Amino acid sequence: MNTFLRQLAPNRLASTSSPLRKGMLRCFSTIKHKFLVINAVGLDRPGIVSDITKLVVDQGGNVGESQASRLGSHFGLMMLVEIPTEKSEALQNAVKEMKEMNTTCYDTGDPNTVQVTPENGYTGEFILRGADNPGEEFNIILILRFSIIPETLPEKN
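Residues numbered from 1 in each chain as written. Predicted model: local features only at pLDDT ≥ 70, side-chain atom pairs only at ≥ 80, totals over all residues. Heavy atoms only, no water.

Visitor: Give a description of the pattern of salt bridges that names residues and reports values.
Guide: This structure, assessed with the given rule, holds four salt bridges. Here R70 ties to D44 by a salt bridge, and the two come within 2.8 Å at their closest N and O atoms. Of this pair, R70 sits in strand 4 (residues 62–71) while D44 is found in the loop between strand 3 (33–43) and helix 2 (48–58), placing the two residues 26 residues apart along the sequence. We classify R70 as exposed; its relative accessible area is 58%. A relative accessible area of 32% means that D44 is categorised as partly exposed. (Salt bridge = Lys/Arg side-chain N within 4 Å of Asp/Glu carboxyl O. Helix = DSSP H or I, 4+ residues; strand = E, 2+ residues; numbered from the N terminus. Buried < 20%, exposed > 50% of the residue type's maximum accessible area, 1.4 Å probe, protein only.)

Visitor: Describe unusual backbone geometry, naming the residues involved and giving the relevant values.
Guide: Of note in this structure, E100 is not a glycine but carries a positive phi near 60°. Summarising the element assignment, E100 is placed in the loop between helix 3 (88–96) and strand 6 (101–108). On the accessibility criterion, E100 (63% relative accessible area) is exposed.

Visitor: Tell me about helix 2, and please be specific about residues and values.
Guide: Burial in helix 2 covers these residues: I48, I52 and V56. Looking straight down helix 2, one finds its buried side chains confined to an arc of 65°; they lie on one side. For helix 2, the elements touching its buried residues are strand 3, strand 4, strand 5 (74–84), helix 3 and strand 6. G60 sits one or two positions beyond helix 2 and adopts a positive phi of about 85°. (Arc of directions from axis to C-beta. Contact = heavy atoms within 4.5 Å.)

Written out as structure tokens, the structure is:
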């Protein structure tokens, strides 16, 4: 890590592998942020993306991802933005007030957060050497399965 950056903000820098490349730095802020998806549809004209992006930036937000397409004489845009929580309502109001655009904003989660449901999982390698007898592998798998994960045992009658 760059010595200057370490001295400048030692508690706000961290090495990360996602979403930035390994070895790059990501600054972490103490400001609470919210993620919104902005959906806008209206008659196509020059500057729509620029206008919406300006609204986001003016409220202290960042555009993460976006998809846009022209459909006939209309233009459709979906944009994922990160905005300080206290500015979220102002941004949503500003987007709704856009002339000749039908806009909707949706709250969404942090796209860099992965929700994981804990499950029992095991990894490893099992090597079996010797003469092959019919059904031997199946019997060994059953023994391992029922001894390692007892909750999978069949109920006793």
